[in-house]
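Descriptive structure summary
Given next are the chains, with one letter for each unit.
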Number of protein chains: 2
Amino acid sequence: MGSSAGGSTDQTTGRSPMISPSVGAGATVDRAADFANYFCTYGFLYHQKEMLSDRVRMDAYYNSVFKNRHHFDGKTVLDVGTGSGILAIWCAKAGARRVYAVEATKMTEHARQLIKANRVENIVEVIEGSMEDVVLPEKVDVIISEWMGYFLLRESMFDSVICARDRWLKPDGVMYPSHARMWMAPIRTGLGEQKTSDFELSMGDWESFIDETEQQYGVDMSVLTKPFHEEHVRYYLKTSLWSNLNPHQIIGKPVIIKEIDCLTATVDDIKAFSVKVSSSITMEKTRLGGFAGWFDVHFRGNRNNPGHDIELTTAPSTNHSTHWGQQIFLVHPARCVDDGDNITVSFSMSRSRENHRLLDVELTWELTELSGKCSTPVASKYYIE
Amino acid sequence: MGSSAGGSTDQTTGRSPMISPSVGAGATVDRAADFANYFCTYGFLYHQKEMLSDRVRMDAYYNSVFKNRHHFDGKTVLDVGTGSGILAIWCAKAGARRVYAVEATKMTEHARQLIKANRVENIVEVIEGSMEDVVLPEKVDVIISEWMGYFLLRESMFDSVICARDRWLKPDGVMYPSHARMWMAPIRTGLGEQKTSDFELSMGDWESFIDETEQQYGVDMSVLTKPFHEEHVRYYLKTSLWSNLNPHQIIGKPVIIKEIDCLTATVDDIKAFSVKVSSSITMEKTRLGGFAGWFDVHFRGNRNNPGHDIELTTAPSTNHSTHWGQQIFLVHPARCVDDGDNITVSFSMSRSRENHRLLDVELTWELTELSGKCSTPVASKYYIE
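Residues numbered from 1 in each chain as written. Chains lettered and ligands numbered in written order. Predicted model: local features only at pLDDT ≥ 70, side-chain atom pairs only at ≥ 80, totals over all residues. Heavy atoms only, no water.

Looking up chain A in an unreviewed UniProt entry gives the name Protein arginine N-methyltransferase PRMT10, with the organism given as Acorus gramineus. You can read under Subunit (unreviewed entry) in the UniProt record for chain A the words "Ring-like homodimer." For the record of chain A, the UniProt heading Catalytic activity (unreviewed entry) holds the text "L-arginyl-[protein] + 2 S-adenosyl-L-methionine = N(omega),N(omega)-dimethyl-L-arginyl-[protein] + 2 S-adenosyl-L-homocysteine + 2 H(+)". (UniProt positions renumbered as here; feature names shortened; annotations may be inferred.)

Here's what the structure looks like:
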């Protein structure tokens, strides 16, 4: 054998399992498998540091707390997924009376050290456990959490924030962030050609593998060509890609595909949704290489208790890129488009049956040229892994 | 957040969790977590192809079956972890009356296709499930399995072979492979210097991170320097490395540190062991950069039922390297050694508490120069992940 074990990258190929297996398919989730798959990453300081080094992320949360001290001063706060504890520490420094900092991983040990070293241990209480299980001694005025995954919803962590909100937020409580939006835009990129050639190389390699196995070992493997092809189409062409785009790669008007009010959203609102949007090409004679998805969140309190509006955006930027980057859904072959053309996109997102923290996307796009000429719709499935 | 989920590599860093979390620590193993961590990889054809493309591996098993037809002709065979089913197909082609091919992953679907396409579906029965749970209609004459992980024992898959043997092998039955050995040798390598500088870079980066976080966000992170240092010493310096060594990198006599008779070995024999060995340096004026570990297995039937001896070795080789490669345990700083010097190595291996398929190593080495001058022993812990 000789393969990856324990979630560590396959030492020989540097390649790790493309998706996790069918555990907790559908509604029921195996806790231990979920921990093995998901939470473990957050138990490492290298990963905490990565998030703590994201200046866009840090500035947004820092300003949202310290420019809205009136939301925190003398108040009780719940930090969902506190990690190293930084948000909890800021809330305490902003005057919170009590901060409950919940974290599922052993990072709690470091959080406690950090909270003590920053002399707020009398205000912040670190609680190790799943938000779903935790019992607090009181309801809170504010829930703060950095729950956003790639393209906002990957990781499905907002579920835990919703659970916390419904159980522990006072009726007039405030959510940090308070609002979230998912964006999509047509882009130009050479990634499609690259991935297509990688794919063709691996299929060519497979063909010679078939021949050798037949000649050397007398076994005909050709029956596996179709499933191998499917596996690799999925891996090279249908899996969305993390990217840090240059704004110049955006060739059309970005459109909002989902809006979330963190105070009222339910799990049903986010676990699956469909939307039809249209965007106009704003660049002359270029090629549509794919669609990019990103998100922003806002911190603006609520109607009865407004605050100074702070935005955290993961949109393509030359100077303010984030560790979230953007997710790219490739269009191959790339399609020639021109200024004024209109693209209609039908977008549906749902959770992966194999792993509720991963996402399946169905995207159908249709081009109407300025001349009025319509293209036939192009439909494709994508996997956010 | 924005992190790896579902075992897929962290999209931002390309780095995956260094180890899996504390599931099934000690004896009790959570099945779902174990599947998520371990078996999932084997559900992908890209990985099956990788193993099927290993000519050293394939030739050894192919020859062991077809040069020992008398062990298979008219016999019943159990293939533990059949994967794509290739070993089962060979056993059938070598004349087996019945072959039970057990596999825990969905790879069974492909195995069934392959077995049918190669017209042995009347002989080979594919059974999807854990070997520990499977019930066969009869005892078998032969158990064949490709169960070897990196440095032989990583993945702990031999446990399932032992379970299969104790429950389903006839008293005079044959094991394929029949014997296994673990080897170790002193080597020269520049990897230690490289990893040390990578480590120093990441610590320097941490220092500036501490300063920035204090200045920009008013939080003193220095209390986390020690645990961050420990996490990174482990990652950069104490985690064994996969390598495909050139035989010229071996600077001393390879020694056997463990021998396993597959017919009689127990789980206790392999789950933890200690050994003290000594090796002499065979190269003039060179530097000890670490120790390399590899394994070989033999196919030679048993005393009452011998066979043509076939060897599968993963020793460093210019023309016959394997996907297993060798595991390297770095010595840093490298130590000057000379022809005739003697190295004594105390080596203990046990299973990781966090994941029973990963291994912890304690290695203490001591140099006695030809002059008789002794060095002070150097002890280090290593992690095979």
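1. Brief notes about the overall build of chain A
Along its length, chain A carries nine helices and 15 strands. Whereas a compact globule of 385 residues would reach a radius of gyration of roughly 21 Å, chain A reaches 23 Å, a difference of no more than 12%. Seen along its three principal axes, the alpha-carbon backbone of chain A occupies a region of about 70 × 60 × 35 Å. A buried classification covers 59% of the 385 residues belonging to chain A. By sequence separation, contacts in chain A at least 24 residues apart represent 75% of the contacts at least 6 residues apart. Side chains of chain A give 40 positive and 50 negative charges; the mean places of these two sets differ by 7 Å. (Helix = DSSP H or I, 4+ residues; strand = E, 2+ residues; numbered from the N terminus. Rg over C-alpha atoms; globule rule 2.2 N^0.38 Å. Buried < 20%, exposed > 50% of the residue type's maximum accessible area, 1.4 Å probe, protein only. Contact = heavy atoms within 4.5 Å. Lys, Arg positive; Asp, Glu negative; His and termini not counted. Charge placed at Lys NZ, Arg CZ, Asp CG, Glu CD.)

2. Structural notes on the packing of helix H3 (residues 55-66) of chain A against helix H4 (residues 86-93) of chain A
Residue and element names in this part refer to chain A. Packing of H3 against H4 leaves a shortest axis separation of 9 Å and a crossing angle of 25°. Judged by the angle between their axes, H3 and H4 are roughly parallel. Remark: the crossing between H3 and H4 carries right-handed chirality. Residues Met58, Tyr61, Tyr62, Val65 and Phe66 of H3 form the contact with H4, whose participating residues are Ile86, Leu87, Trp90, Cys91 and Lys93. The residue makeup of the contact of H3 with H4, split by class, is nine nonpolar, no polar and one charged. (Axes fitted to C-alpha atoms, helices over the stretch in contact; angles between N-to-C directions. Parallel < 35°, antiparallel > 145°, perpendicular 65-115°, else oblique. Left-handed = near helix turned anticlockwise from the far one by under 90°. Nonpolar A, V, L, I, M, F, W, Y, C, P; charged D, E, K, R; others polar.)

3. Regarding helix H7 (residues 191-217) of chain B
In this model H7(B) runs 38 Å from its N-terminal to its C-terminal C-alpha over 27 residues, within 8% of the 39 Å that 1.5 Å per residue would give. Buried residues of H7(B): B:Gly192, B:Lys195, B:Phe199, B:Ser202, B:Met203, B:Trp206, B:Phe209, B:Ile210, B:Thr213 and B:Tyr217, and no others. Packing partners of the buried residues in H7(B) comprise helix H2 (45-52), H3 and H4 of chain A together with helix H8 (225-237), strand S7 (241-243) and strand S12 (326-337) of chain B. Immediately beyond the C-terminal end of H7(B), within one or two residues, lies B:Gly218, with a positive phi of roughly 65°. (Expected span 1.5 Å × (residues − 1).)

4. Notes on the sheet that holds strand S14 (residues 359-368) of chain B
Residue and element names in this part refer to chain B. The strand order across the open sheet formed by four strands is S9-S13-S14-S15, and the pairing between neighbours is antiparallel. Looking at strand neighbours, the two that pair on one side only are strand S9 (272-280) and strand S15 (378-384), the edges of this open sheet. For this sheet the average axis-to-axis angle between neighbouring strands, irrespective of direction, equals 20°. Bridge count between S14 and S15: seven bridges; the pairing is antiparallel. (Pairing = 2+ DSSP bridges.)

5. Observations regarding the packing of helix H7 (residues 191-217) of chain A against helix H3 (residues 55-66) of chain B
Running from N to C, H7(A) and H3(B) cross one another at 30°; their axes reach a closest spacing of 12 Å. By the angle between their directions, the pair H7(A) and H3(B) is classed as roughly parallel. Seen along the crossing, H7(A) lies across H3(B) with a hand that is right-handed. Where H7(A) abuts H3(B), its residues A:Glu212, A:Gln216 and A:Tyr217 lie against B:Arg55, B:Met58, B:Asp59 and B:Tyr62. Residues of the contact of H7(A) with H3(B), tallied by class, amount to three nonpolar, one polar and three charged.

6. A closer look at the sheet that holds strand S14 (residues 359-368) of chain A
Residue and element names in this part refer to chain A. The four strands are arranged S9-S13-S14-S15 in an open sheet whose pairing can be described as antiparallel. If you trace the sheet from one side to the other, it starts and ends with strand S9 (272-280) and strand S15 (378-384), each paired once. Taken pair by pair, the neighbouring strands of this sheet meet at an average axis angle of 20°, ignoring direction. As paired elements, strand S13 (residues 342-351) and S14 share 10 bridges and run antiparallel to each other. Paired with Thr344 across the two strands is Glu366, which belongs to S14.

7. A look at the UniProt feature "domain: Protein arginine N-methyltransferase" (unreviewed entry) in chain A
UniProt's feature table lists "domain: Protein arginine N-methyltransferase" (unreviewed entry) at residues 202-368 of chain A, given in the numbering used throughout. Across residues 202-368 of chain A, helical content stands at 20% and strand content at 46%; the span's end C-alpha atoms are separated by 35 Å.

8. Notes on the confidence of the model for chain A
Residues and elements named next belong to chain A. Mean pLDDT for chain A: 91, with 91% of residues reaching 70 or above. Taken as a whole, residues 4-27 scores under 50 in pLDDT and shows 92 contacts with residues more than four places along the chain or in a different chain. For this predicted complex, the interface score ipTM comes out at 0.87, while the overall pTM is 0.89. (pLDDT = per-residue confidence, 0-100.)

9. As for the pattern of salt bridges
Counted under the stated rule, the structure contains 36 salt bridges over all chains. One salt bridge in this structure joins A:Lys106 and A:Glu128, with 3.0 Å as the shortest N-O distance. Note that A:Lys106 is positioned in the loop between strand S2 (98-103) and helix H5 (107-117) and A:Glu128 in strand S3 (residues 124-128), a separation of 22 residues in sequence. Judged by relative accessible area, which is 36%, A:Glu128 ranks as partly exposed. Among the ionic pairs, B:Arg300 bridges to B:Asp309, the shortest N-O distance being 3.0 Å. When salt bridges that share partners are traced, they join A:Arg181, A:Asp296 and A:Glu311 into one network. (Salt bridge = Lys/Arg side-chain N within 4 Å of Asp/Glu carboxyl O.)

10. Overview of the packing of aromatic side chains
Overall, the coordinates contain 40 aromatic pairs over all chains when judged by the stated rule. When the centroid spacing of 6.1 Å and the interplanar angle of 35° are considered together, the rings of A:Phe273 and A:Phe347 count as tilted. Pair noted here: A:Phe273 is in strand S9 and A:Phe347 is in strand S13, with a separation of 74 residues, a long-range link. Considered together, A:Phe273 and A:Phe347 belong to a single accessibility category, that of buried residues. Between B:Phe72 and B:Tyr176, the ring centres sit 5.0 Å apart and the planes meet at 65°, which makes this aromatic pair edge-to-face. On the criterion of sequence distance, the pair formed by B:Phe72 in the loop between H3 and strand S1 (76-80) and B:Tyr176 in strand S5 (residues 169-176) is long-range, its members being 104 residues apart. The pair B:Phe72 / B:Tyr176 is uniform in exposure class, with both members buried. (Phe/Tyr/Trp six-rings, centres within 6.5 Å; stacked < 30°, edge-to-face > 60°.)

11. A word on the pairing of strand S3 (residues 124-128) of chain B
Residues and elements named next belong to chain B. Two elements, strand S2 (residues 98-103) and S3, share five bridges in a ladder whose sense is parallel. Bridge pairing in S3 links Glu103 to Glu128. The β-α-β motif built from S2, the intervening helix H5 (residues 107-117) and the parallel element S3 has right-handed crossover chirality. (Right-handed = clockwise from strand over helix to strand, strands pointing away.)

12. A few points about unusual backbone geometry
Along the chain, A:Tyr176 connects to A:Pro177 via a cis peptide bond; the corresponding omega equals -5°. Position of A:Pro177 among the secondary structure elements: in the loop between strand S5 (169-176) and strand S6 (179-187). A cis amide bond links B:His332 with the next residue in sequence, B:Pro333, at an omega value of 0°. In this fold, B:Pro333 is placed in strand S12. Within the chain, A:Phe151 stands out as a residue other than glycine whose phi angle is a positive 50°. Its location among the elements puts A:Phe151 in the loop between strand S4 (140-145) and helix H6 (158-168). Taking the relative accessible area as the measure of exposure, A:Phe151 reaches 3% and is therefore buried.

13. Here we look at the state of the cysteines
All names here are of chain B. Overall, the coordinates contain zero disulfides over all chains when judged by the stated rule. Just so you know, Cys163 is unpaired, no disulfide at all, and the nearest cysteine sulfur is the one on Cys262, 15 Å from it. Residue Cys163 is classed as buried on the basis of its relative accessible area, which comes to 19%. No disulfide involves Cys374; its nearest neighbouring cysteine sulfur is the one of Cys336, lying 17 Å away. (Disulfide = S-S within 2.5 Å.)

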